[in-house]
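Each chain, written out:
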Amino acid sequence: MRDKREHRCLLAYILLALGVLGLFILNVCIGSVGIPLSEIAGAFTGREGDGTSARILWDIRLPRAAAGLLLGGALSLSGYLLQTFFNNPIAGPFVLGISSGAKMAVALVMVFFMRWQLLQGREVRVTSAFMILAAFLGAMLSMGFVLMMSRKVSHMSMLVVSGVMIGYICSAVTELVVTFASDAQIVNLHNWSRGSFSGMTWENVQVMAVVTVPAFAAVFLLSKPLSAYRLGEIYARNMGVNLKFLRVCLVMLSSILSACVVAFAGPISFVGIATPHLVRKLSGTAQPLKMIPACFLGGSVFCLFSDLLARTLLAPTELSISTVTAIFGAPVVLWIMSERRKGRAA
């Protein structure tokens, strides 16, 4: 029986890795200008090809695909940490209002900080690191309210409702901020708030990697205490787990990961909720040591697939990636809720 589980988990890893590789190649090849695999191979081996195709490949397609891979994995991992922390299957950065808090902070920076720079006669420049910091502070603000509510309510369903209300408040503040924005800022805010991987540069990808890769490594190092934490706080305490430190790490890491996503791609819905459950069903295991890498790969697959559809489904019009992720993610959430209800009825 154990060998069967191990083989299923290994097969899931192979499928997810092949899915990431295949979708990455499709995202690079498919678009308004088709780029054959031979040209892609030539670009990597240094052979000269069509100049236009090379620029599209290096300046647009590859950074965008790399961003989808990194940010999709980060969003899925953030959702997994929140679900483990709150012991709630539908907890996620979007549902609990954490993404909305990060969105609010970024909107404040994009409107007021940039206007202040203009009034001071300075060059308007907001670095990627500054945007991530702003998104992180907004995410932590929302997370603080969620943690405060978690001590006041006894049912996890009420906690989710509280998170949704916090998200609405942050969205209302964001809309208020938009009224003070210029026409150009309104367009930028609107496009960014819909969620998209367009306009990514290699500089953006480099900052994403600097944030995401160490965060992933830190989460992976927490896999052993997370295994104990899943079995109950008393068991974890008896196993020598520092619960206070573990909770702080979970909150900080989930906020950093979701903030990185919002800062670059805007709020993206349902990936953080749906992917951990799909990965768990595929791999047949809930062990954090195996779930953490699988969740990262699963989030990458989900976002690369959604971004491919967003670009090509109604081309040349590009859909919001949140529109596509909601179409596939919302049914998963409904399925999760129905499964839990059946379990309680049984």
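Numbering of residues begins from 1 in every chain and follows the order in which that chain's sequence is written. Restriction of local features to residues with pLDDT of at least 70 applies here, the model being predicted, together with a cutoff of 80 or more for giving and counting side-chain atom pairs; totals for whole chains, interfaces and linings are based on all residues. The basis for every side-chain value is the complete set of heavy atoms in the structure, and neither hydrogens nor water enter the calculation.

Trainee: Talk me through the overall build of the protein chain; I want residue IDs and the actual numbers.
Mentor: The secondary structure listing takes helices from DSSP runs of H or I that are at least 4 residues long and strands from runs of E that are at least 2 residues long, numbered from the N terminus. On a plain count of helices and strands, the protein chain comes out with 14 helices and zero strands. Throughout this description, buried means an accessible area under 20% of the type-specific maximum (1.4 Å probe, protein chains only), exposed means over 50%, and partly exposed covers the range between. The burial tally for the protein chain puts 48% of its 346 residues in the buried class. Taking the contacts inside the protein chain whose residues are at least 6 apart along the sequence as the reference set, 79% of them involve residues at least 24 apart. Using the Shrake-Rupley algorithm and a 1.4 Å probe, accessible areas are obtained, with residue cover drawn only from the displayed protein chains. Summed over its atoms, the accessible surface of the protein chain is roughly 17,300 Å², and 66% of this surface lies on carbon and sulfur atoms. Contacts are assigned to residue pairs with any non-hydrogen atoms lying within 4.5 Å of each other.

Trainee: An account of the packing of helix H3 (residues 51–86) against helix H11 (residues 243–265) is needed here, citing residue identities and associated values.
Mentor: At a minimum axis distance of 9 Å, the contact between H3 and H11 shows a crossing angle of 150°. As for the relative orientation of H3 and H11, their crossing is left-handed in sense. Taking contact as the criterion, the partners of Leu-71, Ala-74, Leu-75, Leu-77, Ser-78, Leu-81, Leu-82 and Phe-85 in H3 are, on H11, Arg-247, Leu-250, Val-251, Leu-253, Ser-254, Leu-257, Ser-258, Cys-260, Val-261, Phe-264 and Ala-265. The residue classification treats Ala, Val, Leu, Ile, Met, Phe, Trp, Tyr, Cys and Pro as nonpolar and Asp, Glu, Lys and Arg as charged. All others, Gly included, are polar. In terms of residue class, the contact of H3 with H11 is built from 15 nonpolar, three polar and one charged. Note on definitions: angles span 0 to 180 degrees between N-to-C directions of axes, and those axes are lines fitted to C-alpha atoms, for helices only across the stretch in contact. Whether a crossing is left-handed or right-handed is set by the direction in which the near helix is turned from the far one by less than a right angle, anticlockwise for left-handed and clockwise for right-handed.

Trainee: Tell me about the packing of aromatic side chains, and please be specific about residues and values.
Mentor: When two rings of Phe, Tyr or Trp (its six-membered ring) have centres within 6.5 Å they constitute a pair, described as stacked for plane angles under 30 degrees, edge-to-face for angles over 60, and tilted for the intermediate range. For the structure on display, the rule yields four aromatic pairs. Both rings, one in Phe-216 and one in Phe-220, keep their centres 6.4 Å apart while their planes meet at 25°; by these two values the pair is stacked. Note that Phe-216 and Phe-220 are positioned in helix H8 (residues 202–221) at a spacing of four residues, about one turn of the helix. Joined through ring pairs, the aromatic side chains of Phe-216, Phe-220 and Phe-296 make up one cluster.

Trainee: So what's going on with unusual backbone geometry? Residues and values would help.
Mentor: Unlike most non-glycine residues, Asn-87 shows phi in positive territory, near 55°. Among the structural elements, Asn-87 can be located in the loop between H3 and helix H4 (98–119). The exposure class of Asn-87 is exposed, given its relative accessible area of 66%. A positive phi angle, close to 70°, is found at Phe-270, a residue other than glycine.

Trainee: So what's going on with the packing of H3 against H8? Residues and values would help.
Mentor: Packed helices, taken two at a time, are described by the angle their axes make and the gap between the axes. Put simply, H3 and H8 touch, their axes get as near as 10 Å, and they point 25° apart. Regarding the angle of H3 to H8, the classification is roughly parallel. Crossing geometry of H3 relative to H8 is assigned as left-handed. Here H3 contributes Trp-58, Leu-62, Pro-63, Ala-66, Ala-67, Leu-70, Leu-71, Ala-74, Leu-77 and Leu-81 to the contact with H8, which in turn contributes Trp-202, Val-205, Met-208, Ala-209, Thr-212, Phe-216 and Val-219. For the contact of H3 with H8, the class distribution of residues is 16 nonpolar, one polar and no charged. Should an angle lie under 35 degrees it is considered roughly parallel, over 145 roughly antiparallel, and from 65 to 115 roughly perpendicular; all remaining angles are considered oblique.

Trainee: So what's going on with the pattern of salt bridges? Which residues, and what values?
Mentor: When a carboxyl oxygen of Asp or Glu lies within 4 Å of a side-chain nitrogen of Lys or Arg, that pair is called a salt bridge. Per the stated rule, a full pass over the model turns up four salt bridges. For Arg-64, the salt bridge is made with Glu-318, and the minimal N-O distance between the two is 2.6 Å. Taken together, the residues Arg-64 in helix H3 and Glu-318 in the loop between helix H13 (288–312) and helix H14 (321–345) connect sequence positions 254 residues apart. The class of Glu-318 is partly exposed, set by a relative accessible area of 31%. Here the salt bridges share partners, and the residues they tie into one network are Arg-64, Asp-307 and Glu-318.

Trainee: Go over the nonpolar core with me, naming the residues and quoting the values.
Mentor: Note that soluble globular proteins tend to have their nonpolar side chains buried in a common cluster. Among the nonpolar cores identified, the biggest contains 85 residues, and Leu-71, Phe-86, Leu-189, Phe-197, Met-200, Met-208 and Ile-268 are the most heavily contacted of them. Sorting elements by how many residues they give to this core places H11 first, with 14 residues. Excluding its chain neighbours within four sequence positions, the residues that come into contact with Ile-268 are Leu-75, Phe-94, Phe-197, Val-261, Ile-321, Ser-322 and Thr-325. We define a nonpolar core as any set of buried Ala, Val, Leu, Ile, Met, Phe, Trp, Tyr and Cys residues linked to one another through side-chain atoms lying within 4.5 Å. Grouped together as the second largest cluster of nonpolar side chains are twelve residues, Leu-23, Cys-29, Ile-35 and Leu-57 included.

Trainee: Could you give an account of H3, naming the residues involved and the relevant values?
Mentor: An expected span of 1.5 Å times one less than the residue number is assigned to each helix. If you check H3, its first and last C-alpha atoms are 51 Å apart, about what 36 residues at 1.5 Å a residue would give, namely 52 Å. Considering bend angle alone, the principal kink of H3 is centred on Leu-57 and spans about 40°. Among the 36 residues in H3, 28 count as buried, and that is most of the element. Immediately downstream of H3, the backbone of Asn-87 shows phi near 55°, a positive value. Bend at a residue means the angle formed by two fitted axes: the first through the 7 residues ending at that position, the second through the 7 residues beginning there.

Trainee: Can you tell me about the side chain of Ser-283, naming the residues and giving the values?
Mentor: Turning to its location among the elements, Ser-283 is positioned in helix H12 (residues 271–283). Among the residues examined, Ser-283 registers a relative accessible area of 4% and is labelled buried. Ser-283 has contacts with Arg-5, Arg-8, Cys-9, Ala-12 and Met-291, leaving out every residue within four places of it along the chain.

Trainee: Before we move on, could you go through the environment of Ile-25 and cite the residues and values that matter?
Mentor: The residue Ile-25 is located in helix H1 (residues 2–29) in this model. Residues Ile-25 and Leu-37, twelve residues apart in the sequence, show an inter-C-alpha distance of 8.4 Å.

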